[in-house]
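What follows is the residue order along each chain.
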2 protein chains.
Amino acid sequence: MNIPNKVAYLGPVGTYTHQAALNAYEEEGFQFEPQVEIKSVFDAVQNDIAIRGVVPVENSTNGAVMATLDLLADIQGRYPDIVVCGEVYFDVRHCLLGRSATRTESEWTSGRSPQTVNDPNAAGPKGTPRVSIKHIKRLYSHPQAWGQCTLFLDTFLTGVERVDTTSTSRAAELTASDSTGTSAAISSLSAAHVHGLEILAEGIQEKNDNKTRFFLIKKQNAQPSPFARPEQSHGTKDDYKSLVALTVRDRPGSLVEALAVFRDHDINLTSIQTRPSGTAPWNYTFVIEFVGLRAVQGGSVNRALADLGDVVEHVKWLGCWHKES
Amino acid sequence: MNIPNKVAYLGPVGTYTHQAALNAYEEEGFQFEPQVEIKSVFDAVQNDIAIRGVVPVENSTNGAVMATLDLLADIQGRYPDIVVCGEVYFDVRHCLLGRSATRTESEWTSGRSPQTVNDPNAAGPKGTPRVSIKHIKRLYSHPQAWGQCTLFLDTFLTGVERVDTTSTSRAAELTASDSTGTSAAISSLSAAHVHGLEILAEGIQEKNDNKTRFFLIKKQNAQPSPFARPEQSHGTKDDYKSLVALTVRDRPGSLVEALAVFRDHDINLTSIQTRPSGTAPWNYTFVIEFVGLRAVQGGSVNRALADLGDVVEHVKWLGCWHKES
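Reference entry: report on the structure contained in this document. (Residues numbered from 1 in each chain as written. Chains lettered and ligands numbered in written order. Predicted model: local features only at pLDDT ≥ 70, side-chain atom pairs only at ≥ 80, totals over all residues. Heavy atoms only, no water.)

**A word on the relation of the copies chain A and chain B**
Logical step 1: For the pair chain A and chain B, the best superposition has an RMSD of 0.1 Å and corresponds to a rotation of 180 degrees with a translation of 0.1 Å parallel to the axis. Overall, the copies show the geometry of a two-fold rotation axis.
Logical step 2: The residues that chain A uses at the interface reappear at the interface of chain B in 98% of cases, marking a shared surface. (Least-squares fit on C-alpha atoms with pLDDT ≥ 70 in both. Contact = heavy atoms within 4.5 Å.)

**A short note on the state of the cysteines**
Logical step 1: A complete count under the given rule lists zero disulfides over all chains for this structure.
Logical step 2: Of the cysteine sulfurs around C149 of chain B, a residue in no disulfide, the closest is that of C95 of chain B, at 9.5 Å. (Disulfide = S-S within 2.5 Å.)

**Comments concerning the packing of aromatic side chains**
What characterises a pair of aromatic rings is the spacing of the ring centres plus the angle enclosed by the ring planes.
Logical step 1: Inspection of every chain in the model, using the stated rule, returns 16 aromatic pairs over all chains.
Logical step 2: For the pair Y25 of chain B and F30 of chain B, a centre-to-centre distance of 5.6 Å together with 75 degrees between the ring planes defines the contact as edge-to-face. For the pair Y25 of chain B and F30 of chain B, one class covers both residues: buried.
Logical step 3: Measuring from centroid to centroid gives 4.9 Å for F215 of chain B and W321 of chain B, while their planes differ by 65 degrees, and the two rings are edge-to-face. Taken together, the residues span a long stretch of sequence, with F215 of chain B in strand β11 (residues 211–219) and W321 of chain B in strand β15 (residues 312–322) at a distance of 106 residues. W321 of chain B carries the same exposure label as F215 of chain B, and that label is buried.
Logical step 4: Geometry around W317 of chain A places R294 of chain A over its ring, the cationic atom sitting 4.6 Å from the centre. (Phe/Tyr/Trp six-rings, centres within 6.5 Å; stacked < 30°, edge-to-face > 60°. Buried < 20%, exposed > 50% of the residue type's maximum accessible area, 1.4 Å probe, protein only. Helix = DSSP H or I, 4+ residues; strand = E, 2+ residues; numbered from the N terminus. Lys NZ or Arg CZ within 6 Å of the ring centre and 35° of its normal.)

**Side note on the side chain of T15 of chain A**
Residues and elements named next belong to chain A.
Logical step 1: Note on placement: T15 falls in the loop between β1 (6–10) and α1 (16–25).
Logical step 2: Side-chain polar atoms of T15 contact the backbone oxygen of L10, separated by 2.9 Å.
Logical step 3: Each residue touching T15, except ones within four places of it in the same chain, is listed here: Y9, L10 and S169. (Polar contact = N/O pair within 3.5 Å; in protein donor to acceptor, adjacent residues only side chain to side chain.)

**A few points about helix α2 (residues 38–46) of chain B**
Residues and elements named next belong to chain B.
Logical step 1: With seven of its nine residues buried, α2 lies for the most part within the structure.
Logical step 2: Buried within α2 we find I38, S40, V41, F42, A44, V45 and Q46.
Logical step 3: Here the buried face of α2 lies against β1 (6–10), β2 (31–35), β3 (52–59), α3 (66–73), β5 (82–91) and β11.
Logical step 4: Following α2 by one or two positions, D48 adopts a phi angle in the positive range, close to 60 degrees.

**Things to note about the sheet that holds strand β10 (residues 198–202) of chain A**
Residues and elements named next belong to chain A.
Logical step 1: Strand order in the open sheet formed by five strands is β8-β7-β9-β6-β10, and the pairing between neighbours is mixed. Unpaired on one side and paired on the other, β8 (161–164) and β10 mark the two borders of the sheet. On average, each strand axis in the sheet is tilted by 30 degrees relative to the strand beside it, whichever way the strands run.
Logical step 2: The pairing of strand β7 (residues 138–141) with strand β9 (residues 183–187) spans three bridges and is classified as parallel. Across the sheet, residue L139 finds its bridge partner in β9, namely A184. (Pairing = 2+ DSSP bridges. Axes fitted to C-alpha atoms, helices over the stretch in contact; angles between N-to-C directions.)

**A look at the packing of α2 of chain B against α3 of chain B**
Residue and element names in this part refer to chain B.
Logical step 1: At a closest axis distance of 9 Å, the pairing of α2 and α3 adopts a crossing angle of 30 degrees. Regarding the angle of α2 to α3, the classification is roughly parallel. As for how α2 packs across α3, the hand of that crossing is right-handed. On α3, the residues that touch I38, K39 and F42 of α2 are A67, T68, L71 and L72.
Logical step 2: Split into classes, the residues belonging to the contact of α2 with α3 amount to five nonpolar, one polar and one charged. (Parallel < 35°, antiparallel > 145°, perpendicular 65-115°, else oblique. Left-handed = near helix turned anticlockwise from the far one by under 90°. Nonpolar A, V, L, I, M, F, W, Y, C, P; charged D, E, K, R; others polar.)

Okay, structure coming up:
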């Protein structure tokens with residue numbers, strides 16, 4: 001079967017996911033196809049419209065992206081063939097985008113010139129505004145961004161209305177369409193260029209080491225992409241991570257029993273998330289990430305999977321990949 | 001110290017959290033104070049402005065509310081005294097609110113009368129529209145609601161733009177302010193009355209057993225509320241749940257080692273969430289819920305906490321409460 005050389009990613013153009021997709025696959029000569037939601041990326045890969053997908057899975061400040069984990073755990077059985085085949089990290093550098101007040105107005109309001117506010121030696125949070133932002137009445141951004149810029153928002157924009165958007169790119173678009181100039185968006189530098197907005201403040205995120213981790217997904221048994229760096233095989237089994245989703249039997253102690261299997265095989269767990277299983281309320285699927293590789297026959301991961309089969313209701317293999325960090 | 005008899009809850013008036021707060025404390029004669037965000041509820045309790053707080057913690061379809069878990073885990077050390085003292089469950093029943101198209105227009109578009117569409121015997125998802133909704137161009141709702149109404153949205157409103165809002169009440173407000181009548185909100189029945197909107201479809205959530213669980217929070221050592229049903233002590237230790245947040249040492253196997261402590265004391269884990277610890281990227285806090293009670297001196301929970309202290313970096317006690325389900 002001839003699958004088009006397309007990579008589906010969470011769009012629109014200019015998102016952090018777009019950058020991550022370019023980082024991973026630009027050298028391969030793939031076409032890049034923006035999708036409106038994470039689910040659409042999974043659909044494109046499952047239905048052979050794209051050969052690879054790129055989706056956000058975790059942010060170093062805000063934690064896991066549950067929508068991605070749920071689609072991987074595949075509660076509704078829509079994506080039986082999809083596995084993770086790689087990961088990419090990308091720096092998040094949020095900016096406040098909008099339009100500055102007229103110079104006279106801003107000087108009157110702030111009582112000092114904009115340049116003074118921009119003094120690099122001034123105390124205060126990272127990303128002190130370049131100009132007065134007292135005219136800003138409404139903020140747009142993706143919900144994840146609020147939590148990444150708490151200090152900046154609490155210091156400079158306390159009490160300003162916040163409107164959630166589906167992406168930081170969409171936030172910039174809505175800001176650009178407000179002719180009063182009293183809206184601002186927390187968005188990326190590239191969104192400022194795309195939507196013709198001013199950069200009112202740069203690098204306003206809480207931590208300078210704010211990174212997002214993206215998963216590269218494919219169909220199990222899809223053709224390999226030997227030139228894509230994040231998909232190359234090298235190193236020992238400790239250089240790999242694996243992912244499974246499991247549902248435990250409905251009896252006391254069943255989760256601890258399942259987790260004990262990993263300990264019995266000296267497998268190091270790195271993350272556990274508890275998600276609704278979708279079968280009944282308060283019945284859960286556990287999405288578990290751990291160090292190790294399934295490729296080696298008879299290895300500890302294979303033995304653990306066999307043992308897990310004896311103690312859990314169901315276990316779904318979700319792939320293994322080379323660690324990038 | 002005289003703390004006002006106020007209960008802070010995630011507002012605005014008419015939210016599901018408001019209903020949960022009334023269910024828990026209405027008989028006590030408390031005053032109910034809406035807060036704009038979950039964090040504000042924690043602030044009100046920590047700063048003795050309210051004696052109790054009510055916040056959403058989990059939905060049976062969408063899973064845990066991470067903002068609440070993070071505030072409890074208290075990464076930034078702002079809420080050292082806050083513990084969970086009870087839980088309340090509340091049925092979520094989403095409606096599609098908006099304005100119907102003019103009768104003639106809707107009949108022309110749908111090719112049949114609105115009454116036919118409302119046939120209770122018609123096949124299709126729960127909450128089939130009462131009237132034609134083909135004129136709807138934009139949807140507002142809280143991000144959690146999209147995931148709870150997937151089947152309805154995929155069937156009747158595929159491709160319609162979705163705008164995230166901070167609450168389902170806010171979604172109704174934005175819909176009411178759109179004079180074109182082409183917006184709709186996924187919101188509650190009570191929001192229809194508050195904002196003067198029509199109920200275009202009722203009970204559109206995926207599952208009829210869609211429930212949200214709320215935590216009742218207080219300051220440790222705050223005066224008891226002996227009349228509040230969810231705070232009463234009764235039953236055995238298996239009728240209680242406890243919550244801790246722990247950070248593990250930075251070495252392989254440390255998470256499994258910590259979880260093994262629970263198994264060693266026959267404690268049944270019910271939920272584990274992995275959250276960023278806030279100290280360094282990719283360093284985690286694990287929020288763990290389990291069956292048991294701390295009140296009994298020398299009990300298994302006390303012994304487990306002592307043993308945990310030997311293997312983890314830090315453990316924070318977050319309260320125990322009587323199970324309501």
